[in-house]
Amino acid sequence: MHFHDNQRKVDYVLAYHYRKRGAHPGHGSPGHSLAIVSNGEMGKEPHAGGPGDIELGPLGALEEERKEQREEFEHNLMEAGLELEKDVESKSQGSIFVRIHAPWQVLAREAEFLKIKVPTKKMYEIKADGSIAKKFNEILQKLSSPLQPRVPEHSNNRMKNLSYPFSREKMYLYNIQDKDTFFDNATRSRIVHEILKRTTCSRANNTMGINSLIANNIYEAAYPLHDGEYDSPGDDMNDRKLLYQEWARYGVFYKFQPIDLIRKYFGEKIGLYFAWLGLYTSFLIPSSVIGVIVFLYGCATIEEDIPSKEMCDQQNAFTMCPLCDKSCDYWNLSSACGTARASHLFDNPATVFFSIFMALWATMFLENWKRLQMRLGYFWDLTGIEEEEVSSQEHSRPEYETKVREKMLKESDKSVVQKLETARTESDDEDDEDKLDWKDRFPGYLMSFASILFMIALTFSIVFGVIVYRITTAAALSLNKATRSNVRVTVTATAVIINLVVILILDEIYGAVAKWLTKIEVPKTEQTFEERLILKAFLLKFVNAYSPIFYVAFFKGRFVGRPGSYVYVFDGYRMEECAPGGCLMELCIQLSIIMLGKQLIQNNVFEIGVPKLKKLFRKLKDETEPGETDSAHSKHPEQWDLDYGLEPYTGLTPEYMEMIIQFGFVTLFVASFPLAPVFALLNNVIEVRLDAKKFVTELRRPDAVRTKDIGIWFDILSGIGKFSVIINAFVIAVTSDFIPRLVYQYSYSHNGTLNGFVNHTLSFFNVSQLKEGTQPENSQFDQEVQFCRFKDYREPPWAPNPYEFSKQYWSVLSARLAFVIIFQNLVMFLSVLVDWMIPDIPTDISDQIKKEKSLLVDFFLKEEHEKLKLVDDPDPRSQRGENRSRWSRAASSAPSGRSQLGSTASAGSQHTNV
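Residues numbered from 1 in each chain as written. Predicted model: local features only at pLDDT ≥ 70, side-chain atom pairs only at ≥ 80, totals over all residues. Heavy atoms only, no water.

As annotated in an unreviewed UniProt entry, the chain carries the name Anoctamin and is attributed to Loxodonta africana. Of the comments in the UniProt record for the chain, the one headed Sequence similarities (unreviewed entry) reads "Belongs to the anoctamin family." (UniProt positions renumbered as here; feature names shortened; annotations may be inferred.)

S.K.: Please explain the state of the cysteines as it appears in this structure.
M.R.: Covalently bonding the sulfur atom of one cysteine to the sulfur atom of another cysteine gives a disulfide. Applying the stated rule across the entire model yields two disulfides. Here Cys312 engages in a disulfide with Cys337; their sulfurs sit 1.9 Å apart. Between Cys312 and Cys337, the disulfide has an S-S torsion of 95 degrees and is therefore right-handed. Here Cys312 is found in helix α10 (residues 306–312), whereas its partner Cys337 is found in helix α11 (residues 337–346), with 25 residues between them in sequence. Looking at Cys312, the relative accessible area reads 21%, which means it is partly exposed. Covalent S-S linkage joins Cys321 and Cys788, the inter-sulfur distance amounting to 1.9 Å. (Disulfide = S-S within 2.5 Å. Helix = DSSP H or I, 4+ residues; strand = E, 2+ residues; numbered from the N terminus. Buried < 20%, exposed > 50% of the residue type's maximum accessible area, 1.4 Å probe, protein only.)

S.K.: How do you make sense of the pattern of salt bridges when you look at a structure like this?
M.R.: Once the charged atoms of two side chains with opposite charge are near each other, the side chains can pair. Inspection of every chain in the model, using the stated rule, returns 33 salt bridges. Here Glu110 ties to Arg198 by a salt bridge, and the two come within 2.4 Å at their closest N and O atoms. Taken together, the residues Glu110 in helix α2 (residues 104–113) and Arg198 in helix α5 (residues 185–198) connect sequence positions 88 residues apart. One salt bridge connects Lys791 with Asp737, and the closest N-O pair in it is separated by 3.5 Å. Linking Lys791 in strand β18 (residues 787–791) with Asp737 in the loop between α26 (712–735) and α27 (738–748), this pair joins segments that are 54 residues apart in sequence. (Salt bridge = Lys/Arg side-chain N within 4 Å of Asp/Glu carboxyl O.)

S.K.: Help me understand the packing of aromatic side chains, please; the structure alone is not making it clear to me.
M.R.: Each aromatic ring pair is summarised here by two numbers: the centre-to-centre distance and the angle between the ring planes. The final tally for this structure, using the stated rule, is 58 aromatic pairs. A ring pair is formed by Phe166 and Tyr174, whose centres lie 5.2 Å apart and whose planes are at 15 degrees; its orientation type is stacked. The pair formed by Phe166 and Tyr174 is uniform in burial state, with each residue classed as buried. Ring plane angle 15 degrees and centroid distance 5.9 Å describe the contact between Phe673 and Phe679, whose orientation is recorded as stacked. By relative accessible area, which is 27% here, Phe679 ends up partly exposed. The positively charged end of Arg70 is found above the aromatic ring belonging to Tyr16, 3.8 Å away from the centroid. Taking NZ or CZ as reference, Arg574 lies 3.6 Å from the ring centre of Tyr566, over its face. (Phe/Tyr/Trp six-rings, centres within 6.5 Å; stacked < 30°, edge-to-face > 60°. Lys NZ or Arg CZ within 6 Å of the ring centre and 35° of its normal.)

S.K.: Help me understand the side chain of Asp11, please; the structure alone is not making it clear to me.
M.R.: As for its position among the elements, Asp11 is in the segment before β1 (12–19). Judged by relative accessible area, which is 4%, Asp11 ranks as buried. Within the structure, the side chain of Asp11 is placed 2.8 Å from the backbone nitrogen of Ala102, a separation counted as a polar contact. Ignoring sequence-local partners within four residues, the contact set of Asp11 consists of Ile100, His101, Ala102, Arg188, Ser189, Val192 and Pro224. (Polar contact = N/O pair within 3.5 Å; in protein donor to acceptor, adjacent residues only side chain to side chain. Contact = heavy atoms within 4.5 Å.)

S.K.: Would you mind showing me how to read the side chain of His226 here?
M.R.: Looking at where His226 falls in the secondary structure, it is placed in the loop between β10 (221–223) and α7 (239–246). Classification of His226 as buried rests on a relative accessible area of 0%. At 2.7 Å, the side chain of His226 and the side chain of Tyr265 are in polar contact. A polar contact of 2.9 Å, which involves the side chain of His226, links it to the backbone oxygen of Leu699. Excluding residues that lie within four positions of it along the chain, His226 makes contacts with Met1, Arg240, Tyr265, Gln639, Asp643, Leu646, Phe695, Val696, Leu699, Arg700 and Arg701.

S.K.: When you look at the UniProt feature "transmembrane region" (unreviewed entry) in the chain in this model, what are you seeing that I'm missing?
M.R.: Feature annotation in UniProt assigns "transmembrane region" (unreviewed entry) to the following positions: residues 273–297, 350–366, 445–469, 489–513, 533–554, 659–682 and 817–838. Note that residues 489–513 is 100% helix and 0% strand, and that its end C-alpha atoms are spaced 36 Å apart.

Take a look at the structure:
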């Protein structure tokens, strides 16, 4: 964790791979010899002459150019005040690590520039409002103590430091006991990363920042160090090891997450993700309980369901029309008894209540997240984060700079360097402007728009291909007597599996396509790039995941036609129709298999298997390359060596995307699958620990990013929540039999019950009117058939307008539309009411923020008063003028430049009750 002097801490590491030509790998100094380069002092030089020197072979032109660029960049880093230590290139090829240390002067300067909030000397106690609330919290803490992680942050969370942006002129405000530990490791690496991002390299076309150099293969990697090993033997504890023991193991799945420690180690952005994931998982518990109750209600009332009884009653003997031409025979409705009984498990009045509950649940979840976000913002000192602080961290992306250079080269005969030097001397306002206008971006936007349309069309065409597969397979299986009885089950199961495989494959393809499309748009900053990438990836993956489900829910069985006038696909293949019990059961099967398949396969294969394969491949590659490591060094690798072998951190987008798609499964079609929250909960309990283990053990340490919220993901969640109300309204009204049953019960039933409902929904057809060549061949039906039945609301053959839509059809249709309007407006009103009743900012947090500002003013005034008192206090050992200037300098610059009197005066105000 330190330079080889065991004093200066390694705050950041740059790595690059070098290769020499003509060198003898067996000669030279060992791999761990150093060239320590520091401001004002030099360590061992690699070419100073001596027994460790080697005769370098001629380097390639490209390698020589990269070496010069690295030397200039490292020189500029030292000019910025950083201290460097790097290995000697002593072998024919290998990896070189440049360790970076930020001294106190640099940390103080950059902390002031970045407006980093740090704790002051003042601490105060956060008191619970009211004795009842305080007692309730104490009881809750005692009950949940076995579930709390054993980390220091959870031991004393009632005390809080007043925080204030760091200022070198107000050093007396801060409790600086040790300059080496005043800024934690995450803050130190964040400061160094900001310097790395804005340091230029004129030899690399005036490229700004380490990201550009990595993109141009000048450096291979740049990362902060982990706080030691997570599985090291012994009692020595570091934050990484603590996170592994109390958070990143499956054995502690029942414990709460140590969110404060996660934020301290990984930064606010990752801390907010795990806080959001934890809240989402905890909110799934009540929805899972209600979902199981709804499912059990369906199981308990299955024997009392009159329509399924009528379908299973063989005495009714409803003779149904053939399901296909020629090869299919007439059949009894009672043969579909099992499907009808299973449909009742999910198609019952309780699902309507559950849909309303889940719409309100989504609203309450988002409102509670806003409150938790504000609470975390208060404790993490994010409440006063300025937009300038965020924008100061945003630097132009390498691809953007390259595009600007190309544009400037085309516009003028000047060299690129001259143009860029001219641009750098412009005002800050001009630097912030986008140097690419709409003409430069139009080809990228056009390509992006066309590609997205093509991808969506591709998804729809694949769904249509699966439909054709179902129709043709059903027709083929119907020709064989042995397979005829299981046609529907076979076709449904195989089609869903095909859909699942296609969805998983297209998910990976669409993720790569979205990234490529965002790159050709050339966004200026990383934040803009991330937002555009998220929108494209979400749109494509949303369409990919839900298009087969939308087809089954709203389109299947709607365009079948009727006996004697069926709708055909291609030649002789009838459009598929729903099962006798309706399409809701098939929608449930489709939804459950796709949801469970995505979660199981993506978790086990993509999130666990692929990283392990990458790590194994990289290890094999390192072992096969000659001269890469020596045996002495490999037995005791340094921390930067260990971290270099880990996977690079690529962002939170895949983690958020997986959970957002799952959130859609839980909310959008919950009317058809009330057990969706249960499976989501079981998945997320594992997902939290899986992501934790990945961040702690398998990824390089990410750069700490300071942010106030989860960004565009909240807007997507809110949009899905509102969209789910409309979707569930249509699922209940169109896909289920809830509305037809209500209409029959209150408009057509003689006794106000559902007796006779099945007969009411079946229309008559005269079999003599079947088209030539479509009648059943060699019918084995027991009796001669004159009329067959089919599910629709149509006039009978003996009516004046045979086979036209009947009055019942228009009654049911109007009732369905009325239900959609009433359901949607009722749920939206209740959602707005819940939103209004739950304030975004908790009252206690709002009061604490106001009181903290008041305390901060009082603290400022008191410290300034003490400072002036110290300045005016005469010193008997020296003249008054010398004493005043000495105290003035000490109070304004030195961290410990206050007398014992000042320290004693403020000691009594360390703990203040609020």
